[in-house]
Amino acid sequence: MTNLKVHAPAPADLEGDLASLRGDCARMAPHWTAPEERVARPVPLSLLHGVTVPATAARLLEVMPEYGN
């Protein structure tokens, strides 16, 4: 089925000020919902298989100090 609702066009002033941005966000806030907080659990290594990392990505991580140690 086709959605025949027509929405108002975006404002022509794309360089709006902070007040207009805050107003836009306030109007949209009721349409957004926050996701439920989930606790990440470790995955057993036996379930990790078939993962491939491109060589360029591996080299990039290798030279990054916080990942290379």
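No experiment lies behind these values; they were computed from the predicted model shown.

So, about the overall build of the protein. Within the protein one finds 3 helices and 0 strands. Its helices and strands taken in sequence order, the protein reads α-α-α from the N to the C terminus. Going through the 69 residues of the protein one by one, you find that 0% of them count as buried. When the accessible surface of the protein is summed, it comes to about 7,500 Å², and 62% of that surface belongs to carbon and sulfur atoms.

Here the focus is a nonpolar patch on the surface. A surface patch of nonpolar side chains, amounting to about 440 Å² of accessible area, comprises V43, L45, L47 and L48. Looking at the element boundaries, L45 is found in the loop between helix 1 (18-28) and helix 2 (55-63).

As a further point, take the confidence of the model for the protein. For the protein, the average pLDDT comes to 77, and 74% of its residues sit at 70 or higher. Helix 3 (residues 65-68) is the least confidently modelled element of the protein, averaging 62 in pLDDT, while helix 1 averages 88, the highest of any element.

With that out of the way, let us pick up the pattern of salt bridges. Applying the stated criterion to the full structure yields 1 salt bridge. In this structure, the salt-bridge partner of D24 is R27, at a minimum N-O distance of 2.3 Å. Here the residue D24 and the residue R27 both occupy positions in helix 1, the gap between them amounting to 3 residues, near one helical turn.

Cut-offs and rules
- Residues numbered from 1 in each chain as written.
- Predicted model: local features only at pLDDT ≥ 70, side-chain atom pairs only at ≥ 80, totals over all residues.
- Heavy atoms only, no water.
- Helix = DSSP H or I, 4+ residues; strand = E, 2+ residues; numbered from the N terminus.
- Buried < 20%, exposed > 50% of the residue type's maximum accessible area, 1.4 Å probe, protein only.
- Areas by Shrake-Rupley, 256 points an atom, 1.4 Å probe, with all protein chains shown as cover.
- Patch = residues over 30% accessible without salt bridge, like charges linked within 9 Å, V, L, I, M, F, W, Y side chains within 5 Å.
- Salt bridge = Lys/Arg side-chain N within 4 Å of Asp/Glu carboxyl O.
- pLDDT = per-residue confidence, 0-100.

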